[in-house]
Amino acid sequence: MREHDPENEYHPLGLDASTREGLWRQVIQEIEGYLTRLDDHRVAPRGKVDAVFERIDAVSFDHPMEPAEAVKWVADGLWKHQMQTPHPRYFGLFNPTPTTMGIAADAMVAAFNPQLASFSHSPFAVAIERHVIGQIASKFGQDPHATRGSFTSGGAEANHTALLTAMVRRFPEIREAGLRALPKGPVLYVSGEAHHSFLKASRLSGLGTGAVREAPVDDALRLDVLALEKQIAKDRRDGFEPFMLAATAGTTGAGIVDPLPQLADLAMASGLWFHVDAAWGGAAALVPELRSVLDGIERADSITFDAHKWLSVPMGAGIYLTRHPGVLHDTFAVATGYMPRPSDDDRQADPYAHSMQWSRRFIGLKAFLSLAVAGWDGYARALRQQVAMGDRLRERLTERGWNVINRTRLPVVCFTPPGGSLDQMRAIFKQVESDGKAWVSLVRLRGEELALRACVTSYRTSSRDIDILVDTLENARTTHPQG
Ligand SMILES: *Cc1c(COP(=O)(O)O)cnc(C)c1O
């Protein structure tokens, strides 16, 4: 009789050793095939969404698939039915080509599945995240030893965390009594070009979207400091309680950096928590000749930085940083009998007591391994190349008579055809998309002005890719002349 060998017994969840081996090979082939063949593939998907629903509705869990068949089916679906954001000619919102080390990190994290809720369950992983946070903080000119922070699902959760920490710092009574304990309505300030996650955070935290004051911007789309000062004074007179100012370093739409030093002064003089949303622009801190665009960020009470934007790690990997060591604990800590007692050693703080999530994935590994392998210098070179591609695009478009309407050193270009109407712009956008060689987005600036927008989001974008984009745009413009 054969001895019972659990290794080779097929389990519906764990499968068996030889099936696994074949499966890993197949997954790696699919990944490598995607990375090497993507450049020749169209960027925007073609076809009707009905086809997507049909494909998926056809799957029934009453009839299990073979593992190999399932992987093939998924790869096929993703090739056909997604915007190919890792493509070197995807020029949309900041969704990068993921770093190779980031892909490897995510696979390892899935397999080892460390639980980062508590320090004691995963000291190695928690310490790695803490290390990355300290290193990033020092790039922003903050003291890595005094900085606390957490990895988040993305910039939206980091901005939400900023809002909550600012509120708890200013109104500690709400921790227990809630917002109804406050005699006056709290308000916060962002620019009209800020990310809409602040509206969502404000609603979710019980303040309501009405608490978000969108201050006007100047001609360069930067938050207008004088107008903001007046607005703060008016709100005070009207019986509101201003508590937070969130500046943006690299707006989502046009890559604009608000005047951080003046805003830091104003926040300090007005007793407001100063937050800087540097979700994608913050990476400029890694390029010595670009670092000055972020001057003033070192004075921030808190910072949002997304590793899954310009550091190009796979989604989702946001970071919230603060230079106030106790505030995360004050905002998030609760005690329960089923979690370990908190340690006196601050380095061993439990992430669940310092952030919104409870069970949590080891998000920081993809940033850590990407940084460890590329080094600061490797990143500086990659980012510099993307900035150069942005500059090339700006020049080429200007040479051909397009109007570039945003001024930034970051690689995002907002542009309109000469004398172009809204209809022409929409027609150009549609044609570029259906052509499939590249993808750009449409953006509304100042809440109304429509423009085409191309952001260099891939570290693989080359001069040739820029030239193909410009040819595609020119072609679309000729097909849809101003009419
Ligand atoms: C992308 C972005 C966000 C939101 O980040 P997510 O990672 O998508 O949650 C916030 N602020 C700015 C400036 C951004 O560009």
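From a predicted model like this one, the values you see are computed outputs, not experimental measurements.

K.L.:
Tell me about the overall build of the chain, and please be specific about residues and values.
P.N.:
For the chain, the helix and strand inventory stands at 14 helices and 12 strands. Here the C-alpha atoms of the chain give a radius of gyration of 24 Å, agreeing with the 23 Å that 2.2 N^0.38 yields for 483 residues. Counting over 483 residues, the chain shows a buried share of 50%. Within the chain, residue pairs in contact and separated by at least 24 positions form 73% of the contacts whose partners lie at least 6 positions apart. Distance from the positive charge centre (53 side chains) to the negative charge centre (58 side chains) of the chain: 4 Å.

K.L.:
So what's going on with the nonpolar core? Which residues, and what values?
P.N.:
Core analysis: the biggest nonpolar cluster contains 55 residues, and Ile136, Phe140, Leu228, Leu245 and Phe274 have the highest contact counts within it. When sequence neighbours within four positions are dropped, the list of residues in contact with Phe140 reads Gly282, Ala285, Arg291, Leu294, Ile297, Glu298, Ile303, Phe305 and Leu321. Ranked by size, the runner-up nonpolar core spans 26 residues in total, among them Val43, Phe91, Met425 and Leu450.

K.L.:
Hey, could you go over the packing of helix H1 (residues 17-37) against helix H3 (residues 67-80) for me, with residue numbers and the actual values?
P.N.:
In the contact formed by H1 and H3, the axes pass within 10 Å of each other and the chain directions differ by 15°. Compared by their axis directions, H1 and H3 come out roughly parallel. Here the hand of the crossing between H1 and H3 comes out right-handed. Residues Thr19, Leu23, Gln26, Val27, Glu30, Gly33, Tyr34 and Arg37 of H1 touch H3, and the partners they reach there are Pro67, Ala68, Val71, Lys72, Ala75 and Trp79. Considered class by class, the residues forming the contact of H1 with H3 number 8 nonpolar, 3 polar and 3 charged.

K.L.:
Describe the environment of Ala107, naming the residues involved and giving the relevant values.
P.N.:
Tracing the sequence through the fold places Ala107 in helix H4 (residues 100-112). For the pair Ala107 and Arg361, spaced 254 residues apart in the sequence, the C-alpha separation amounts to 12 Å.

K.L.:
Please give an account of the side chain of Ser355 that cites residues and values.
P.N.:
If you trace the backbone, Ser355 turns up in the loop between helix H11 (327-332) and helix H12 (364-399). For Ser355, a relative accessible area of 5% corresponds to the buried category. Not counting residues within four places of it along the chain, the set of residues in contact with Ser355 comprises Ser150, Phe332 and Arg360.

K.L.:
Describe the pairing of strand E8 (residues 318-322), naming the residues involved and giving the relevant values.
P.N.:
The element E8 is largely enclosed, with a buried count of 5 among its 5 residues. The two faces of E8 match: Gly318, Tyr320 and Thr322 on one face and Ile319 and Leu321 on the other face are all buried. Relative to E8, strand E2 (residues 148-152) runs antiparallel, the two sharing 5 bridges. What sits directly across from Gly149, in E8, is Leu321. By the bridge criterion, 5 bridges tie strand E7 (residues 302-306) to E8 in an arrangement that is antiparallel. Considered in E8, the bridge of Phe305 is made with Ile319.

K.L.:
Account for the sheet that holds strand E1 (residues 90-91), with residues named and values stated.
P.N.:
An order of E1-E11-E12-E10-E9 is seen for the 5 strands of this open sheet, with the pairing classed as mixed. Each having just a single partner strand, E1 and strand E9 (403-404) make up the two edges of the open sheet. Sheet analysis places strand E11 (residues 439-445) next to strand E12 (residues 449-455), joined by 5 bridges and oriented antiparallel. In the sheet register, Val443 faces E12, and the bridge partner there is Ala451.

K.L.:
Residues and numbers for the pattern of salt bridges, please.
P.N.:
With the rule as written, the count across this model stands at 30 salt bridges. The closest approach of N and O atoms between Arg89 and Asp465, which form a salt bridge, is 2.7 Å. Highlighted residues: Arg89 in the loop between H3 and E1 and Asp465 in helix H14 (residues 463-479), separated in sequence by 376 residues. Relative accessible area serves as the criterion here: at 4%, Asp465 is assigned to the buried category. Where Arg347 meets Asp345, a salt bridge forms, and the shortest distance between an N and an O atom there is 3.1 Å. Taking relative accessible area as the criterion, Arg347 reaches 57% and is therefore assigned exposed. You can call Asp345 partly exposed: its relative accessible area is 24%. Look at the salt bridges and you will find they share partners, linking Arg392, Arg396, Glu399 and Asp467 into a network.

Conventions and cut-offs
Residues numbered from 1 in each chain as written. Predicted model: local features only at pLDDT ≥ 70, side-chain atom pairs only at ≥ 80, totals over all residues. Heavy atoms only, no water. Helix = DSSP H or I, 4+ residues; strand = E, 2+ residues; numbered from the N terminus. Rg over C-alpha atoms; globule rule 2.2 N^0.38 Å. Buried < 20%, exposed > 50% of the residue type's maximum accessible area, 1.4 Å probe, protein only. Contact = heavy atoms within 4.5 Å. Lys, Arg positive; Asp, Glu negative; His and termini not counted. Charge placed at Lys NZ, Arg CZ, Asp CG, Glu CD. Core = buried A, V, L, I, M, F, W, Y, C linked by side-chain atoms within 4.5 Å. Axes fitted to C-alpha atoms, helices over the stretch in contact; angles between N-to-C directions. Parallel < 35°, antiparallel > 145°, perpendicular 65-115°, else oblique. Left-handed = near helix turned anticlockwise from the far one by under 90°. Nonpolar A, V, L, I, M, F, W, Y, C, P; charged D, E, K, R; others polar. Pairing = 2+ DSSP bridges. Salt bridge = Lys/Arg side-chain N within 4 Å of Asp/Glu carboxyl O.

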